[in-house]
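Fold and contact review
Below are the chains, spelled out letter by letter.
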Amino acid sequence: MGRINSKQEDLGPETSLAELPRHARARVLRVQGNGLAADRLRELGFCPGTEVRMERRAPLGDPVVFRLRGTLLCLRRTEARRIAIQPLDR
Amino acid sequence: MNAATLARTLAEIKGKSPTVALVGSPNSGKTTLFNALTGLRAKTGNYPGVTVDRKVGIAKTPAGLVRVVDLPGTYSLHAISQDESVAVQILKGEMVGEEKPDGVLVVADATTLDRSLPFIAEVLHLGLPSCLVLTMIDELKARGGDIDLARLGGELGIPIVGIVGNRGIGIDDLRARIADLAQWSEPRNLPQEDTESRFAWADGILQRVTRSRPRSSRLTQALDRILLHPILGPLVFLAFLAAFFQSIFSYAAPAMDFMAGLMDQSADWLLANLPAGMLTDLLADGIVRGVGAVLVFIPQIALLFAVIIFMESCGYLARGAFVVDRLLGWAGLEGRCFISLLSSYACAVPGILATRSIPSPRDRLATILAAPFTTCSARLPVYALLVGTFISREKVLGPFTWQGMTLMGLYFLGGFTALLSAALFKKGMLRGATLPFYLELPPYRFPSLKLVTVQVLRRIKLFLRRAGTVILGASVLLWILLNFPQPEEVDGRAPEPQTVLESSYAAQAGQALEPLFAPMGFDWRINVGLLGSLAAREVLVSTMAQVYAYEGGEEDAEGFGKMLRARNPETGEPRLKRASAMALLVFFVFALQCISTLAVIRRETNSWRWPAFAFTYSFAIAWLGAWWTYLLLS
């Protein structure tokens, strides 16, 4: 059988950062793809294990502000879709 | 230290004194530190990407002078935009004309070490002697954060200094550190070079050296709740702008009237007290009245820059980009283009330079071509003169008058055209993929009065330099063209000034342009002004001051605004019809009359094709816009 995660109750199914609702937290699993764009997202701190919180959407729905590693960073949904996450409790 | 002394000292110490480079993430406070170390006043701001080119200065240290190079901020040494690649090339010693630095001051915002420490590892891997400078130590403490600096230095194996750049705290310690550059220890325990290892390494170190983590800024959270609110945010922004444009007329006008009176009195005094003759006329009419007509707008320009500098330093600029990014996204552009366009409100030249932080060359070109439409400060004298003269002072809403609202409308028209044209360029000829968009929203930080004053004074100085060179030169040239050829004396009497003017070279040139501008009711006088404004937009004001001074005879101290509106005694027509004045305003919204902007487009695109194109299409839009405005209003 598969590995048993002791905190399984806390973790939702894998999804993309673009799906994260407001004020929800998640853990970064990986940045999909290669190339300059993916590299830059990793260098900005979207590394496996990093905790991200969705702060707010822009008035017109896009881009979205995330809090990670003590900074506020905004990404467009198209970029956020490349980042696989696991939602955390609450 | 002025520019000439700085250049001389830099040449003297070249090859003798060591060079240190300031490296760090965008908005980590490098330029504030650079200014503190060198005593220079390079432009700072609270948004990523203020510095797009290297800046060089000299720092005094206990061991003598040291060259300091301020580099554009970068998140990584894998550069994806032009400003980042400047930083990387210099660090690797690949930049022509810039030696590899002898040491690196790695600058990091103490409140965001989680994000910047992995980049620091990347810099340390370069193997240059390095010293870590943690900025904004005061903010870290204010937000309840505490880092064991000595331990962090020990973990990294390099010297470390904590500073508060804008208050000069820790700068002397840093000078002493720079002085023993040769003794800087080698970094140790560096991680593998890949991104994931660097982040894991950074997390490990921070866990050991952080006594308490800083809270997120409460002020920032509270302000963002209002300023980024979908409805409240834009409303607050509009109210702020309306108040600003109104104040241009309500509060700056008395100061301006005072200066206008002063200029007129000086001109009259010169005419009365110097021996009559050509030179006196040139001095009084060409220089004092001509250049003076532009100088009277100093209060307005100071106000404009105070507002722009405040917006740039408080952290709002990046939020503006965040709010409108979606609109730009539909146009195929990104929020950073908006930052460049906003910078163009001061002047299109730095705005165009700011496009170096845009990674996609296509987005960059589209933004460069759009930037001249934004309402730069050179347009302000023209707008203020024409709006102040031809638009009513009646109140529209609360404290706001038609004048203030019209001015705001002109600014919006410029901004809207800029966005629209950027979008069209991107959609039309510059099709291509967009690179990833990301933008850091810095915490709100309010600039000190001193910082705003210093930066406003710097801009006023630049404006005065412009007045003393381009505008002065154009005014003198126009005076000559307005006074020659001198008609023959008739019956031993000197010709009337009116006759001289109407047969002058300038009048001939203006008349030659009449077929082009007659549809919007511009006579040769305005045409001469338009010709002069090709050198710089403000020259329109100085030219018109000269032309109408001849025809007005006795001027009154209230400047020549009144004269423009007054009726010509011979024809009974106003000198400048309201519809033509409005057409002229619209012409100035669109036309690219600025040699410096054309030159910078040439430099940044490396071809004459783009400046020629920009000039032509903006002239076409300006002509059509002015024509339609005239038809609509007459």
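Predicted model, so just to flag it, every value in this text is computed and none were measured.

**Let's talk about the interface of chain B and chain A**
Counting residues at the interface gives 40 residues for chain B and 29 residues for chain A. For the chain B and chain A pair, buried surface summed over both sides reaches about 3100 Å², with 63% attributable to carbon and sulfur atoms. Here chain B is connected to chain A by three salt bridges. Residue A:Arg76 is joined to B:Asp325 by a salt bridge in which the shortest nitrogen-to-oxygen separation is 2.6 Å. Counting residues per element, the ones that place at least two in the side of chain B that touches chain A are helix H4 (113-124), helix H8 (195-209), helix H9 (218-227), helix H14 (316-330) and strand E11 (438-441) of chain B. At eight residues, the largest contribution of residues to the side of chain B that touches chain A is made by H14(B). Summarising the sheet, strand E5 (residues 71-75) of chain A and E11(B) pair through four bridges and their orientation is antiparallel.

**What to know about the domain arrangement of chain B**
Residue and element names in this part refer to chain B. Considered domain by domain, chain B is made up of domain 1 (3-215) and domain 2 (251-296 + 450-576). Between the C-alpha centres of domain 1 and domain 2 there is a distance of 51 Å. Each partner contributes residues to the interface: domain 1 has four residues there, and domain 2 has four residues. For the pair domain 1 and domain 2, the two sides together bury roughly 350 Å², of which 50% comes from carbon and sulfur. At the junction of domain 1 with domain 2, the criterion picks out zero salt bridges. Taken together, domain 1 and domain 2 are joined by zero residue pairs in polar contact (both at pLDDT 80 or more). Class assignment of the residues belonging to the side of domain 1 that touches domain 2 gives a composition of one nonpolar, one polar and two charged.

**Description of a nonpolar patch on the surface**
Residue and element names in this part refer to chain B. Together, Leu-219, Phe-240, Phe-310 and Phe-446 make up an exposed nonpolar region whose accessible area comes to about 360 Å². Structurally, Phe-446 can be placed in the loop between E11 and helix H20 (449-483). For Phe-446, a relative accessible area of 46% gives the class partly exposed.

**Observations concerning the packing of helix H17 (residues 361-370) of chain B against helix H29 (residues 609-633) of chain B**
Residue and element names in this part refer to chain B. Close contact between H17 and H29 brings their axes to 10 Å; oriented N to C, the two are set at 45 degrees. What the angle tells us is that H17 and H29 run oblique. The interaxial crossing formed by H17 with H29 has right-handed handedness. Residue-level inspection shows Leu-365, Leu-369 and Ala-370 of H17 in contact with H29, the latter providing Trp-610, Phe-613, Ala-614 and Tyr-617. For the contact of H17 with H29, the class distribution of residues is seven nonpolar, no polar and no charged.

What counts and what doesn't
Residues numbered from 1 in each chain as written. Chains lettered and ligands numbered in written order. Predicted model: local features only at pLDDT ≥ 70, side-chain atom pairs only at ≥ 80, totals over all residues. Heavy atoms only, no water. Contact = heavy atoms within 4.5 Å. Buried area = accessible area lost by both parts, 1.4 Å probe. Salt bridge = Lys/Arg side-chain N within 4 Å of Asp/Glu carboxyl O. Helix = DSSP H or I, 4+ residues; strand = E, 2+ residues; numbered from the N terminus. Pairing = 2+ DSSP bridges. Domains from an automatic or database assignment. Polar contact = N/O pair within 3.5 Å; in protein donor to acceptor, adjacent residues only side chain to side chain. Nonpolar A, V, L, I, M, F, W, Y, C, P; charged D, E, K, R; others polar. Patch = residues over 30% accessible without salt bridge, like charges linked within 9 Å, V, L, I, M, F, W, Y side chains within 5 Å. Areas by Shrake-Rupley, 256 points an atom, 1.4 Å probe, with all protein chains shown as cover. Buried < 20%, exposed > 50% of the residue type's maximum accessible area, 1.4 Å probe, protein only. Axes fitted to C-alpha atoms, helices over the stretch in contact; angles between N-to-C directions. Parallel < 35°, antiparallel > 145°, perpendicular 65-115°, else oblique. Left-handed = near helix turned anticlockwise from the far one by under 90°.

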